[in-house]
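Geometric and topological summary
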Amino acid sequence: MSMQQPTCTTLPGAMSLILTAAVALAVAAAVVRYNRKYRGLRLPPGPPGWPIVGNLFQVAFSGKLFIHYIRDLRREYGPILTLRMGVRTLVVISSAELAHEALVQKGQEFASRPAENATRNIFSSNKFTVNSAVYGAEWRSLRRNMVSGMLSTSRLREFRPARRRAMDRFVSRMRAEADAGDDSVWVLRNARFAVFCILLDMTFGLLDLDEAHILRIDAVMKRVLLATGVRMDDYLPFLRPFFRRQQRRALDVRREQVDTLLPLINRRRAILRDRDTRPADPDVAAPFSYLDSLLDLRIEGRDGVASDDELVTLCAELINGGTDTTATAIEWAMARIVDNPSIQARLHEEIMQQVGDTRPVDEKDTDGMPYLQAFVKELLRKHPPTYFSLTHAAVKPGSKLAGYDVPADANLDIFLPGISEDPKLWDRPAEFDPDRFLSGGETADMTGSAGIRMIPFGAGRRICPGLSMGTTHIALMVARMLQAFEWQAHPSQPKLDFKDKVEFTVVMEQPLLAMVTPRKIFF
Ligand code: HEM
């Protein structure tokens, strides 16, 4: 879900003259095309670039992560700026006013997604997913189905048993890891696995997948994320011939993804088919799954139902959308808890008051825990799992932001920390302080509908449909981890370093290893 830095690849040693001439011609044609395309437009300011490549090499060889590069550029050029990355033009906005203009006031104008490269089109079945679809009837049908079929409050409630199961497994896995080692646990890895299990249950409704099988599916999903990462030829398409190997590899990974997920789809189909004659075993099949809602789904403006390949794509979207984002948030959460014993003590005290130690915390309990709710808000303010919302695009030519032109083929990116760390909006924005959200303090409507101050889930028409699920999972996991263990810094990381890096989402540069001491619990 995040912008990644382009990477260079090694070009083959011998290049023919013909190829060189072809590249030179393509380059000249690109200059002419670019000059023609943007003639007469007033783009937002930005660093001067070179012909053809624009700012691409400045970014790629800056020695900084893209998220840090943008933070620095913002200081120089302000909250709206342009970067030319080869054939792509990026308009980056980073203030609450501009996010409001783009996502709310002109929400419909900027509700689309930009064109994608061939590799990503394979994995999105030609933009047949909620997150990649251009703004229109197809997107509306898919999104409506995801929200009502899966992410509504009532549907979310139906999956309480799946969460309960995954949470029990999560706590016992960590206990086993601590017992096997020196009382230490890797937080991100365990959290990621737990969220992945919940989303697999919800997507396919198959409850008897063993751990080895789940890990195999997870490994394939990770390979998909790697295969769809940003490449140099996304920006300089004339380099595509040099990326044939990566393209072939991406096709192999897609085949692997289909071969891994299609058997799960077919098993669920068989369960649904037999259900009338032979009731499904409740330990094997959930009463409902996201896949069920997709099997007969009619999409506006389209004949027939989704093909097997498209079903694989849509199922993968639900799993991917919620896994790394939520797991990343948990890692930052536990780092803050390890770093600050008083936060840990207050959260634990609230859990003891609300639930005690004779039964596990349930998601319903977390609604009645104001300090935990404030902690989750502060977590998503200070450590949004993605620093950029998904890339937006104008629906048609002629759109403007802050008086500047935004071409219809430009990527519109919203840099979220620019808003949640703005000293004009926040008191002591650099400090991690959940108390800011408690009575009489600061407010934060994460949907942005009552004004934009922090929008870790985006805002407007394309706001993340998993907002409730994401926050529910974070609060529940943090509470269960604190109810089961006392957390401390590991001797190898006595003073935690809160530096970030991008790995699909924004994770800790140094993955969190923490010491845990099991607490006395009686269930
Ligand atoms: C802490 C957890 C999460 C965070 C921080 C997060 C963040 C985001 C952000 C920033 C966007 C882009 C919004 C925009 O384009 O303006 C987004 C979109 C999306 N998210 Fe999430 N997300 C989270 C959890 C989830 C979950 C649990 C799911 C589903 C299971 C999900 C599914 C999606 C989908 C399908 C979209 C695309 C929406 C569209 O284009 O209409 N996310 N998310």
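Residues numbered from 1 in each chain as written. Predicted model: local features only at pLDDT ≥ 70, side-chain atom pairs only at ≥ 80, totals over all residues. Heavy atoms only, no water.

Going by an unreviewed UniProt entry, the chain carries the name Cytochrome P450 and comes from Brachypodium distachyon. As its UniProt record puts it under Cofactor (unreviewed entry), the chain is described as follows: "heme". (UniProt positions renumbered as here; feature names shortened; annotations may be inferred.)

Within the protein, a single donor atom binds the iron atom of the ligand, namely C464 (SG) at 2.3 Å. Note on placement: C464 falls in the loop between α18 (417-420) and α19 (467-484). (Donors = N, O, S within 2.8 Å, 3.2 Å for Na, K, Ca; no water. Helix = DSSP H or I, 4+ residues; strand = E, 2+ residues; numbered from the N terminus.)

What follows deals with the pattern of salt bridges. Two side chains of opposite charge can pair, provided their charged atoms sit close to one another. Under the defined criterion, the tally for this structure stands at 42 salt bridges. Here R302 and E310 are joined by a salt bridge, their closest N and O atoms 2.5 Å apart. Given a relative accessible area of 25%, R302 falls into the partly exposed group. We classify E310 as buried; its relative accessible area is 13%. One salt bridge connects E442 with R453, and the closest N-O pair in it is separated by 3.3 Å. Taken together, the positions of E442 in the loop between α18 and α19 and R453 in the loop between α18 and α19 put the pair 11 residues apart, joining distant regions of the chain. Residues joined by salt bridges that share partners form a network here, namely E378, R381, R436, E442 and R453. (Salt bridge = Lys/Arg side-chain N within 4 Å of Asp/Glu carboxyl O. Buried < 20%, exposed > 50% of the residue type's maximum accessible area, 1.4 Å probe, protein only.)

Attention now moves to helix α3 (residues 66-77). The end-to-end C-alpha distance of α3 is 16 Å, a good match for the 16 Å that 12 residues give at a rise of 1.5 Å each. Those residues of α3 lying buried are F66, I67, Y69, I70 and L73. Projected onto a plane normal to the axis of α3, the buried residues spread over an arc of 150° and lie on a single side. Of the surrounding secondary structure, the elements contacted by the buried residues of α3 are α2 (56-60), β1 (80-85), β2 (88-93), β8 (500-503) and β9 (505-508). (Expected span 1.5 Å × (residues − 1). Arc of directions from axis to C-beta. Contact = heavy atoms within 4.5 Å.)

Attention now goes to the packing of helix α17 (residues 370-382) against α19. Relative to each other, α17 and α19 sit at 120°, their axes nearing to 10 Å. In terms of crossing hand, the pair formed by α17 and α19 is right-handed. Between α17 and α19, the contacting residues are L372, F375, V376, L379 and L380 on the first element and T471, I474, A475, V478 and A479 on the second. Of the residues that constitute the contact of α17 with α19, the class distribution is nine nonpolar, one polar and no charged. (Axes fitted to C-alpha atoms, helices over the stretch in contact; angles between N-to-C directions. Left-handed = near helix turned anticlockwise from the far one by under 90°. Nonpolar A, V, L, I, M, F, W, Y, C, P; charged D, E, K, R; others polar.)

All right, on to the sheet that holds strand β10 (residues 513-518) then. Read across the sheet, three strands follow the order β3-β10-β7 without closing on themselves; strand pairing throughout is antiparallel. Two strands bound the open sheet, and with one partner strand each, they are β3 (184-186) and β7 (485-489). Taken pair by pair, the neighbouring strands of this sheet meet at an average axis angle of 45°, ignoring direction. The pairing of β3 with β10 spans three bridges and is antiparallel. Pairing of W186 across the sheet is with L513, part of β10. (Pairing = 2+ DSSP bridges.)

This paragraph deals with helix α15 (residues 341-354). Between the first and last C-alpha of α15 there are 20 Å, a value that for 14 residues agrees with the 20 Å anticipated at 1.5 Å per step. Residues I343, Q344, L347, H348, E350 and I351 constitute the buried set of α15. Summarising the axial view, the buried residues of α15 lie within an arc of 155°, below the 170-degree limit, and thus occupy one face. Of the exposed residues in α15, the ones pointing more than 90 degrees away from its buried face are P341 and Q353. Contact partners of the buried residues in α15: α14 (308-339), α17, α19 and β7. Remark: G356 follows α15 within two positions and exhibits a positive phi of approximately 85°.

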